[in-house]
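Fold and geometry: a report
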Amino acid sequence: MHLGLIGCGNIVKTLLGFLDAPDAPDVTRITLLVRAGQCDRAQDEIAAMTPKAEIVEETADLIAARPDLIVEAAGHAGVAEHVGPCLEAGFDVVVVSVGALSDTDLAARLETAARAGGARIILPAGAVGGIDIVSALSASGEVTLTYRGTKPPKAWAGSPAAEALDLDTLESAAVFFTGTAREAAAQFPKNANVAATLALAGPGLDKTRVELVADPAAPGNVHSYEVVSPAAKVRVEIENLPSNGNAKTSVATIYSVLREIRNHIGPMVI
Ligand SMILES: NC(=O)c1ccc[n+]([C@@H]2O[C@H](COP(=O)([O-])OP(=O)(O)OC[C@H]3O[C@@H](n4cnc5c(N)ncnc54)[C@H](O)[C@@H]3O)[C@@H](O)[C@H]2O)c1
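Procedures and definitions
Residues numbered from 1 in each chain as written. Predicted model: local features only at pLDDT ≥ 70, side-chain atom pairs only at ≥ 80, totals over all residues. Heavy atoms only, no water. Near = heavy atom within 4 Å. Polar contact = N/O pair within 3.5 Å; in protein donor to acceptor, adjacent residues only side chain to side chain. Areas by Shrake-Rupley, 256 points an atom, 1.4 Å probe, with all protein chains shown as cover. Helix = DSSP H or I, 4+ residues; strand = E, 2+ residues; numbered from the N terminus. Pairing = 2+ DSSP bridges. Patch = residues over 30% accessible without salt bridge, like charges linked within 9 Å, V, L, I, M, F, W, Y side chains within 5 Å. Salt bridge = Lys/Arg side-chain N within 4 Å of Asp/Glu carboxyl O. Lys, Arg positive; Asp, Glu negative; His and termini not counted. Charge placed at Lys NZ, Arg CZ, Asp CG, Glu CD. Expected span 1.5 Å × (residues − 1). Contact = heavy atoms within 4.5 Å. Axes fitted to C-alpha atoms, helices over the stretch in contact; angles between N-to-C directions. Parallel < 35°, antiparallel > 145°, perpendicular 65-115°, else oblique. Left-handed = near helix turned anticlockwise from the far one by under 90°. Domains from an automatic or database assignment. Buried area = accessible area lost by both parts, 1.4 Å probe. Nonpolar A, V, L, I, M, F, W, Y, C, P; charged D, E, K, R; others polar. Buried < 20%, exposed > 50% of the residue type's maximum accessible area, 1.4 Å probe, protein only. Core = buried A, V, L, I, M, F, W, Y, C linked by side-chain atoms within 4.5 Å.

Moving on to the site of the ligand. Of all residues adjacent to the ligand, which total 26 residues, the nearest are Ile 11, Glu 81, His 82, Ser 97 and Asn 193. One of the backbone N or O atoms of Gly 9 is found 3.1 Å from an oxygen atom in the ligand. Residue Ser 97 places a side-chain N or O atom 2.7 Å away from an oxygen atom belonging to the ligand. Considered on its own, the ligand offers 870 Å² of accessible surface; in the complex 86% of this is hidden by protein. If you list the elements that add at least two residues to the shell around the ligand, you get helix 1 (10-18), helix 4 (75-88) and strand 13 (246-250).

One open sheet holds the six strands; their spatial order is 3-2-1-4-5-6, and the pairing between them is parallel. A strand with exactly one partner marks an edge of an open sheet, and here the two such strands are strand 3 (53-56) and strand 6 (121-122). By the bridge criterion, three bridges tie strand 4 (residues 69-72) to strand 5 (residues 93-95) in an arrangement that is parallel. Within the sheet, the bridge partner assigned to Glu 72 lies in strand 5 and is Val 95.

The next thing to look at is a negative patch on the surface. A contiguous patch of negative charge, built from Glu 54, Glu 58, Asp 61 and Glu 81, is present on the exposed surface. On the secondary structure map, Glu 58 appears in the loop between strand 3 and helix 3 (59-64).

Compared with an ideal rise of 1.5 Å per residue, which puts 14 residues at 20 Å, helix 5 (residues 104-117) spans 20 Å between its outermost C-alpha atoms and is within 8% of the ideal. Elements that come into contact with the buried residues of helix 5 comprise helix 4 and strand 6. The backbone nitrogen of Asp 105 has a side-chain oxygen 3.0 Å away, supplied by the residue at the start of helix 5, namely Asp 103. Remark: Gly 118 follows helix 5 within two positions and exhibits a positive phi of approximately 65°.

Let us look at the side chain of Thr 249. With respect to the helices, strands and loops of the structure, Thr 249 is situated in strand 13. Each residue touching Thr 249, except ones within four places of it in the same chain, is listed here: Asn 10, Ile 11, Asn 221, Pro 242 and Ser 243.

Bringing the packing of helix 1 against helix 10 (residues 251-265) into the picture now. Helices that pack against each other are described as a pair by the angle of their axes relative to one another and the distance between those axes. Relative to each other, helix 1 and helix 10 sit at 60°, their axes nearing to 10 Å. It follows that helix 1 is oblique to helix 10 by the angle criterion. Both helix 1 and helix 10 take part in a crossing whose hand is right-handed. On helix 10, the residues that touch Asn 10, Ile 11, Thr 14, Leu 15 and Phe 18 of helix 1 are Val 251, Thr 253, Ile 254, Tyr 255, Val 257, Leu 258 and Ile 261.

Turning our attention to the domain arrangement of the protein. Along its sequence, the protein is organised into domain 1 (2-123) and domain 2 (131-247). A straight line from the C-alpha centre of domain 1 to that of domain 2 covers 25 Å. Each partner contributes residues to the interface: domain 1 has ten residues there, and domain 2 has twelve residues. Per-residue buried area on domain 1 facing domain 2 is highest for Asn 10, Val 98 and Ser 102; these three make up 55% of the total on that side. Counting across the interface, domain 1 meets domain 2 through zero salt bridges. Counting every contact that joins domain 1 to domain 2 gives six residue pairs in polar contact (both at pLDDT 80 or more). Here the residues of the side of domain 1 that touches domain 2 are counted per class, giving four nonpolar, six polar and no charged.

Turning to the pattern of salt bridges, a few remarks are in order. This structure, assessed with the given rule, holds five salt bridges. The closest approach of N and O atoms between Glu 111 and Arg 115, which form a salt bridge, is 3.5 Å. Taken together, the positions of Glu 111 and Arg 115, both in helix 5 and four residues apart, correspond to about one turn of that helix. Since its relative accessible area comes to 42%, Glu 111 is described here as partly exposed. Between Asp 206 and Arg 182 there is a salt bridge, and its shortest N-O distance comes to 2.8 Å.

Further remarks concern the pairing of strand 13. In the case of a regular strand, side chains alternate between the two sheet surfaces. The sheet contact formed by strand 12 (residues 242-243) and strand 13 spans two bridges and is antiparallel. Among the inter-strand pairings, Pro 242 is bridged to a residue of strand 13, identified as Ser 250. Counting the residues that bridge the hairpin from strand 12 to strand 13 gives two residues.

Time to look at the nonpolar core. Within soluble globular proteins, side chains that are nonpolar generally end up buried alongside one another. Core analysis: the biggest nonpolar cluster contains 37 residues, and Tyr 147, Phe 176 and Leu 198 have the highest contact counts within it. At the level of secondary structure, the elements contributing two or more residues to this core comprise helix 6 (131-137), strand 7 (144-151), strand 8 (174-180), helix 8 (181-187), helix 9 (193-201), strand 9 (209-214), strand 10 (221-228) and strand 11 (233-240). The element best represented in this core is helix 9, accounting for six residues. For Tyr 147, the contacting residues outside a window of four places in its chain are Val 194, Ala 195, Leu 198, Arg 209, Val 210, Glu 211, Leu 212, His 223, Ser 224 and Tyr 225. Among the nonpolar cores identified, the runner-up in size contains 29 residues, and Val 12, Leu 32, Val 34 and Ala 73 belong to it.

So, in structure tokens, the structure goes:
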């Protein structure tokens, strides 16, 4: 399989390591799209990790390479810049920065591009689980979904939480945001992908209630949510370990991307 990747941060680099494992999906070639001006640095860094990757800086070069599947892990800016043209050219894209779809215009543009290209926008479960039942229950009538995202204070550094709280001295759990999933995704673009994923699978970005919490006693990045629908009630709590390269990103997210790759090429999809 020829894999296209957008971004060269924590998720992509960790994924490259996972793809080296003996039982990993059979990826024989990688085309990796980096931000303009970062090609030389990425070239050295990535060459030390895998001989299979070619680095490109232009969306057109990624498209010209004709990968079998493209995975975006480049943040909201990366989605806005590259994903539309890839879809329009007919390539399925796994969009890891799900929160980017809280931008109504961008989401509409991507849907139009996907229809035009006959391609699909694939939203991975990412750091959360149970997306299958949340998505299935969305057809069962009125659904409510309440999500609570709890992370250690350092995982909220650089976000508006740092203005609301003194993250360095926090001694107990503090709720610093309550609102909709759309508001959470807009205000916490690097931290609210789970809220956006649950919302898109469930009652939508404006109807999903979100609470964000900094907790010095948190055992990791904890995602809990409750769904009430005419067909079922669901309660889920997941304790994720942060990835080594980025405390904001749970390592389970990267396994979830690996799963999308496996499902794309394997004989069975699960
Ligand atoms: N779906 C989920 O559950 C979930 C979980 C964790 C992280 N994420 C999202 O995945 C994305 C990547 O996470 P990460 O931990 O690897 O972040 P990171 O900050 O380590 O890496 C981001 C990479 O994107 C690159 N980039 C930024 N703008 C770009 C552009 N316009 N074109 C090309 N490359 C660009 C950066 O140079 C960097 O290499 C983030 O948006 C993050 O919010 C999603």
